[in-house]
Amino acid sequence: MIPGRFEYHQPDSVPAAVGLLSDLGDEARVIAGGHSLIPMMKLRLAMPEHLIDLRAIDSLKQISVAGSTVTIGAMATQSDLIDSTELATAAPIVRETALQIADPQVRYVGTIGGNVANGDPGNDMPALMQCLNASFHLHGPDGERQVPAREFYEAAYFTARDDLEILTGISFPACEGGYAYEKQKRKIGDYATAAAAVLLSKAADSSCSQAAIALTNLADTPLYCQEASDHLVQSGVTDASIDAAVQSALGQIEPVDDNRGPVEFKKHAAKVILKRAIENAWARA
Amino acid sequence: MSKTKLTLNVNGKSVEAEAEPRELLIHVLREQLEITGPHIGCETSHCGACTVEIDGRSVKSCTMFAIQAQGTEITTIEGLGNPDKLHVLQEKFKEHHGLQCGYCTPGMITRAHRLLEENPNPTEEDVRFGIAGNLCRCTGYQNIVKAVLAAADELNQPEAVA
Ligand SMILES: Cc1cc2nc3c(=O)[nH]c(=O)nc-3n(C[C@H](O)[C@H](O)[C@H](O)COP(=O)(O)OP(=O)(O)OC[C@H]3O[C@@H](n4cnc5c(N)ncnc54)[C@H](O)[C@@H]3O)c2cc1C
Ligand code: FES
Ligand code: FES
């Protein structure tokens, strides 16, 4: 399986990359870790005439925690996320999620930017970013703008990113409280049959002061579950309220029949996984 | 599309190759440099048979363009040991029946090598999780995991380090 022909570019700065993308237009694609794009190119589902490789832009690889804001460069790899001690303190759910993505080889090269920009509903980081209420930083010919992760995903492979924009980084508030990323998959290295990201904060009186829930691979976009999250804050976290929150979230999902199972099975998996994620997050809160 | 001249350091030697951008690293290694240890199993980034080490990371060389490896240091199974002097991992795979057909073995050992560099005292779970990107379709994983653990033990003996 040999990809189609293309010309290769390796800019060494963001302005140079944005400039190339503007000049080359529709015929060009950005390549990060290449672990979604190269397989698509082999299948000729993607046939870019130009590839703009971001690997030489060192400024895109930074991970920093300043005050209560976490900023991650688009080219940080999944193993960079796993190895970052700062991140393990400021947002341990990121490490928990990254460890459940693919296998070691893929994690050494797959980037967070590629994972969230791709728009594949099977990717794990998008729902996590919605759960964290992250903002995506986009650089285009007209400058920089930020788009909330909760408004970024439009349909499978369609996002709010303009074709001429490069995603340079992601920022989100450092996490407090309990967290869990639970993923049901057929085997290690597989995309999710169903996965859930949950953040919960417990107040001194044991009520739930903050909740955020998001789901992976249960619709053609990641799903942020506002109503289910609000329910836990309003009702506190009890067996009954967990069931109600799960039911509410299940009302949002639209799984499809595929080689990971029929719709009924996926609904069942979603229910089990989300309940488990809420219980784990609350136990850690 | 014109070819680009590549300078790579493979198994400690500086080598040159020429590739057009769409050529995958595995093809350049096997067909131009005649380094045929890394195998092509699935070509779809799943099996790990094509695993090589690039600048200290295990990489599936079927999922990287050769041009992206410009200037890097690459280690393949050929760089770890040879028939006259097997690497400890090769020795232990042999001893513990960690291979049958041997197709997955170069990728398996190259990956295990990096795993032990990063984690010299792995638990059984660490090994299973650490080689999860390498599929074996005939030996089964029991003996492979045993072999990697035995290699870790041996490498941790004081005399092996010296
Ligand atoms: C065997 C295997 C198993 C996998 N399992 C999982 C899994 O369980 N969960 C999971 O989440 N992922 C999984 N993946 C996907 C993997 O995590 C990819 O690495 C990731 O989806 C894309 O990241 P990348 O850096 O490789 O991006 P690339 O493949 O380089 O790019 C992906 C897309 O995003 C665009 N893009 C990349 N970076 C930018 C940027 N900075 N700005 C604008 N556009 C950009 C590219 O143009 C392309 O369209 C798996 C991959 C493989 C091969
Ligand atoms: S041949 Fe590269 S992963 Fe299978
Ligand atoms: S030894 Fe035959 S595939 Fe592993």
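All of these numbers come straight from a predicted model, not from anything done at the bench. Per chain, residue numbering runs from 1 following the sequence as it is written. Both sets of labels track the order of writing: A upward for chains, 1 upward for ligands. This being a predicted model, a pLDDT of at least 70 is required before a residue's local features are given, and a value of 80 or more before pairs of side-chain atoms are given or counted; all residues contribute to the totals for chains, interfaces and linings. Only hydrogens and water are set aside; all other atoms, that is, all heavy atoms of the structure, feed into the side-chain values.

1. Describing the overall build of chain B
The number of helices and strands found in chain B is seven helices and five strands. Listing the helices and strands of chain B from first to last along the sequence gives β-β-α-β-β-β-α-α-α-α-α-α. Each radius of gyration is computed over the set of C-alpha atoms, and the globule rule expresses the reference value as 2.2 Å times the number of residues to the power 0.38. For 162 residues, the compact-globule formula gives about 15 Å, and the C-alpha radius of gyration of chain B, at 16 Å, lands near that figure. Expressed as lengths along the three principal axes of its C-alpha atoms, the size of chain B is roughly 50 × 35 × 25 Å. Think of it in three bands: residues with accessible area under 20% of the maximum for their type are buried, residues over 50% are exposed, and the middle band is partly exposed, with areas taken using a 1.4 Å probe on protein chains only. For chain B, buried positions account for 52% of its 162 residues. For chain B, restricting intrachain contacts to residue pairs at least 6 apart in sequence, the fraction spanning at least 24 positions comes to 55%. His is not counted, nor are the chain ends; Lys and Arg add positive charge and Asp and Glu add negative charge. A charge is said to be at NZ when it belongs to Lys, at CZ for Arg, at CG for Asp and at CD for Glu. Separation between the mean location of the 15 positive side-chain charges and that of the 22 negative ones in chain B comes to 4 Å. Put simply, DSSP H or I for four residues or longer makes a helix, DSSP E for two residues or longer makes a strand, and each gets a number counted from the N terminus. Note on contacts: a residue pair is in contact if any heavy atoms of the two residues lie within 4.5 Å.

2. A look at the interface of chain A and chain B
Taken together, the 29 residues of chain A in the interface contact 29 residues of chain B. Both faces considered, chain A and chain B share a buried interface measuring about 2,700 Å² in area, 60% of it formed by carbon and sulfur atoms. Together, Arg5(A), Gln105(A) and Tyr108(A) form the three largest contributors to the area buried by chain A at its contact with chain B, with a combined 26%. Any Lys or Arg side-chain nitrogen located within 4 Å of an Asp or Glu carboxyl oxygen qualifies as a salt bridge. In this structure, the connection of chain A to chain B is made through two salt bridges. By convention, the term buried area covers the 1.4 Å-probe accessible surface removed from two parts as they join, with the contributions of both added.

3. Considerations on the domain arrangement of chain A
Residues and elements named next belong to chain A. Along its sequence, chain A is carved into domain 1 (7-53), domain 2 (61-173) and domain 3 (178-284). Domain delimitation follows an automatic or database domain assignment. Inter-centroid distance (C-alpha atoms) of domain 2 to domain 3 is 20 Å. At the junction of the two partners, domain 2 supplies 24 residues and domain 3 supplies 27 residues. Of the roughly 2,000 Å² buried at the junction of domain 2 and domain 3 (both faces included), carbon and sulfur atoms supply 60%. Between domain 2 and domain 3 we count two salt bridges in total. For Glu96, the salt bridge identified is with Arg284, shortest N-O distance 2.9 Å. Here a polar contact is recorded for every N or O atom pair within 3.5 Å, except that within protein the pair must consist of a potential hydrogen donor and a potential acceptor, and residues adjacent in sequence are included only if both atoms are side-chain atoms. If you look at where domain 2 meets domain 3, you find ten residue pairs in polar contact (both at pLDDT 80 or more).

4. Quick notes on the site of ligand 1
Near residues are defined by distance, with any heavy atom within 4 Å of the molecule or strand qualifying the residue. Taken together, 32 residues form the shell around ligand 1, and within it Val30(A), Gly33(A), Leu37(A), Thr111(A) and Asp124(A) come nearest. Positioned at a junction of chains, ligand 1 has nearby residues supplied by chains A and B. Between Ser36(A) and ligand 1, the recorded distance is 2.8 Å, taken from a side-chain N or O atom to an oxygen atom. In this structure, an oxygen atom belonging to ligand 1 sits 2.7 Å away from a main-chain N or O atom of Leu37(A).

5. Let's talk about the sheet that holds strand β3 (residues 50-53) of chain A
Neighbouring strands of a sheet are bound in pairs by backbone hydrogen bonds; such pairs are parallel or else antiparallel. All names here are of chain A. The rule for pairing is simple: two strands pair if DSSP sees at least two bridges between them. Taken together, three strands build an open sheet; the order of strands is β1-β3-β2 and the sheet is parallel. Strands with a single pairing partner mark the edges of an open sheet, and in this sheet they are β1 (7-9) and β2 (28-31). Direction aside, the axes of adjacent strands within the sheet are offset by 25° on average. Of the strand pairs in this sheet, β2 and β3 are connected by four bridges, and their pairing is parallel. Note on method: axes are straight lines fitted to C-alpha atoms, helices fitted across the in-contact stretch only, with angles between N-to-C directions ranging 0 to 180 degrees.

6. Remarks on the pattern of salt bridges
Under the defined criterion, the tally for this structure stands at 20 salt bridges over all chains. Its salt-bridge partner being Asp103(A), residue Lys60(B) comes within 2.7 Å of it at the nearest N-O pair. Here Lys60(B), found in strand β4 (residues 57-60), pairs with Asp103(A), found in the loop between α5 (92-98) and α6 (104-109), and the two come from separate chains. Exposure remark for Lys60(B): the relative accessible area of 0% places this residue in the buried category. Asp103(A) sits in the buried class, given a relative accessible area of 6%. With its nearest N and O atoms 4.0 Å apart, the salt bridge here joins Lys3(B) to Glu23(B). Within this pair, whereas Lys3(B) is found in the segment before β1 (4-10), its partner Glu23(B) is found in the loop between β2 (13-19) and α1 (25-32), the two being separated by 20 residues in sequence.

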